[in-house]
Amino acid sequence: MTVTDEALSHAPGAAAGDDRGGPVGDTAGARVAAALARDLDEGFAALYEAYRGAVFSTALRLCGRWAEAEDLSAEAFLRAYRALTGYEAQRIAGLRPRAWLLTILTNVWRNSLRSAARRPATGPIEDAPDPPDPGEGVEDAAARHETGRELAGLLDLLPHQQRAAVVLRHVTDLPVAEIAAVLDLPEGTVKSHISRGLARLRALRTAPGTAPGTAEPVRSAPDPEQKGGHR
């Protein structure tokens, strides 16, 4: 089963995570929040180590390009640190770090979309491989790279809210309740975005003339269900 097959195979009704063994919460969150409340600099190092992978993989699938994902991730962590310097210890101790960080990341990504039309065209999808695994064979790495390009190309065709919901659920593997917190949407709306996004991915994958990674993707139209403002 390819990466794309796996993403498309999950039924929306199982999105809460508990029925199929997915996460039901942020297991590192309490430890990281306590470390931040004790000492901001040492705690921020723990925050970075705990969530850098989730932040980068989410950014990569949201934007589809490696260099841009690095920029989005760096900006998200920078904004997080600046925000923390203004928080009282009690507020920091009550944070849900993963949802909080990914909220910052998605807002940074949304801001980047607003200015995308004014920037020169970025590199193609094939310039954004998945992170390498040192123990992985050449053949497996090549196959994984192809499925990564395919998934990135398909996601790039989704409306923004659907793309974010599908990425957070099936790439970052967050439960629906946490996605709702990140996107500032009701859980029912999140489930609808996931369901519609997966349905659109299935349709795009079988449609003639849509070979992600080999042709220029059509930029997604604004999501008709997108809220007028964001946090």
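The structure reproduced in this document is the subject of the present report. (Residues numbered from 1 in each chain as written. Predicted model: local features only at pLDDT ≥ 70, side-chain atom pairs only at ≥ 80, totals over all residues. Heavy atoms only, no water.)

Below, the discussion takes up the pattern of salt bridges. Taken as a whole and assessed by the stated rule, the structure comprises five salt bridges. A salt bridge links Arg 169 to Asp 173, with the nearest nitrogen and oxygen atoms 3.3 Å apart. Residue class for Arg 169 comes out buried when judged on its relative accessible area of 0%. On the accessibility criterion, Asp 173 (27% relative accessible area) is partly exposed. (Salt bridge = Lys/Arg side-chain N within 4 Å of Asp/Glu carboxyl O. Buried < 20%, exposed > 50% of the residue type's maximum accessible area, 1.4 Å probe, protein only.)

Turning our eyes to something else, we now look at the packing of helix α2 (residues 29–38) against helix α3 (residues 40–63). Each pair of packed helices gets described by two things: the angle between the helix axes and the distance between those axes. Interaxial distance between α2 and α3 falls to 6 Å at its minimum, and their mutual angle equals 155°. One element, α2, and the other, α3, form an angle in the roughly antiparallel class. The handedness of the crossing between α2 and α3 comes out as left-handed. Only Leu 40, Gly 43, Phe 44, Ala 46, Leu 47, Ala 50 and Tyr 51 of α3 make contact with α2, whose side of the interface consists of Gly 29, Arg 31, Val 32, Ala 35, Leu 36 and Arg 38. Partitioning the contact of α2 with α3 into residue classes produces nine nonpolar, two polar and two charged. (Axes fitted to C-alpha atoms, helices over the stretch in contact; angles between N-to-C directions. Helix = DSSP H or I, 4+ residues; strand = E, 2+ residues; numbered from the N terminus. Parallel < 35°, antiparallel > 145°, perpendicular 65-115°, else oblique. Left-handed = near helix turned anticlockwise from the far one by under 90°. Contact = heavy atoms within 4.5 Å. Nonpolar A, V, L, I, M, F, W, Y, C, P; charged D, E, K, R; others polar.)

The subject of this paragraph is the side chain of Ser 73. If you trace the backbone, Ser 73 turns up in helix α4 (residues 66–84). Ser 73 sits in the buried class, given a relative accessible area of 8%. Once you skip the residues sitting within four places of it in the chain, Ser 73 turns out to touch Val 55, Phe 56, Ala 59 and Leu 105.

The next subject is unusual backbone geometry. Residues apart from glycine generally show negative phi values, whereas peptide bonds are mostly found in trans. A positive phi angle is found at Asp 173, which is not glycine, with a value near 70°. Relative to the helices and strands, Asp 173 resides in the loop between α8 (160–170) and α9 (176–183). Positioned with a positive phi, Asp 184 is a non-glycine residue whose angle comes to about 60°. Looking at the secondary structure, you find Asp 184 in the loop between α9 and α10 (187–206).

This part takes up the environment of Val 171. Following the sequence through the fold, Val 171 ends up in the loop between α8 and α9. Using a relative accessible area of 29% as the deciding quantity, one classes Val 171 as partly exposed. Considered as a pair, Val 171 and Thr 58 are 113 residues apart in the sequence and their alpha carbons are 6.9 Å apart. Residue contacts for Val 171: discarding those within four places in its chain leaves Ser 57, Arg 61, Leu 151 and Val 166.

What follows is about the packing of aromatic side chains. The full count for this structure, using the stated rule, is five aromatic pairs. Both rings, one in Phe 44 and one in Phe 77, keep their centres 6.2 Å apart while their planes meet at 90°; by these two values the pair is edge-to-face. Highlighted residues: Phe 44 in helix α3 and Phe 77 in helix α4, separated in sequence by 33 residues. Residue class for Phe 77 comes out buried when judged on its relative accessible area of 7%. Among the aromatic residues, those joined into a cluster by ring pairs are Phe 44, Tyr 48, Phe 77 and Tyr 81. Residue placement shows Arg 91 over the ring face of Tyr 87; its charged tip is 3.8 Å from the ring centre. (Phe/Tyr/Trp six-rings, centres within 6.5 Å; stacked < 30°, edge-to-face > 60°. Lys NZ or Arg CZ within 6 Å of the ring centre and 35° of its normal.)

Okay, the environment of Pro 159 next. Looking at where Pro 159 falls in the secondary structure, it is placed in the loop between α7 (138–155) and α8. Placed 41 residues apart in sequence, Pro 159 and Arg 200 show a C-alpha to C-alpha distance of 9.7 Å.

A large share of α9 lies buried, amounting to six of its eight residues. Within the sequence span of α9, burial applies to Val 176, Glu 178, Ile 179, Ala 180, Val 182 and Leu 183. Residues of α9 that are buried make contact with α6 (97–114), α8 and α10. One or two positions beyond α9, positive phi appears at Asp 184, with a value near 60°.

Ranked by internal contacts, the top residues of the largest apolar core, which has 51 residues, are Leu 84, Trp 100, Leu 101 and Leu 183. Taken together, the elements giving at least two residues each to this core come down to α2, α3, α4, α6, α7, α8, α9 and α10. Not counting residues up to four positions away in its chain, the partners in contact with Trp 100 are Ala 80, Ala 83, Leu 84, Tyr 87 and Leu 95. (Core = buried A, V, L, I, M, F, W, Y, C linked by side-chain atoms within 4.5 Å.)

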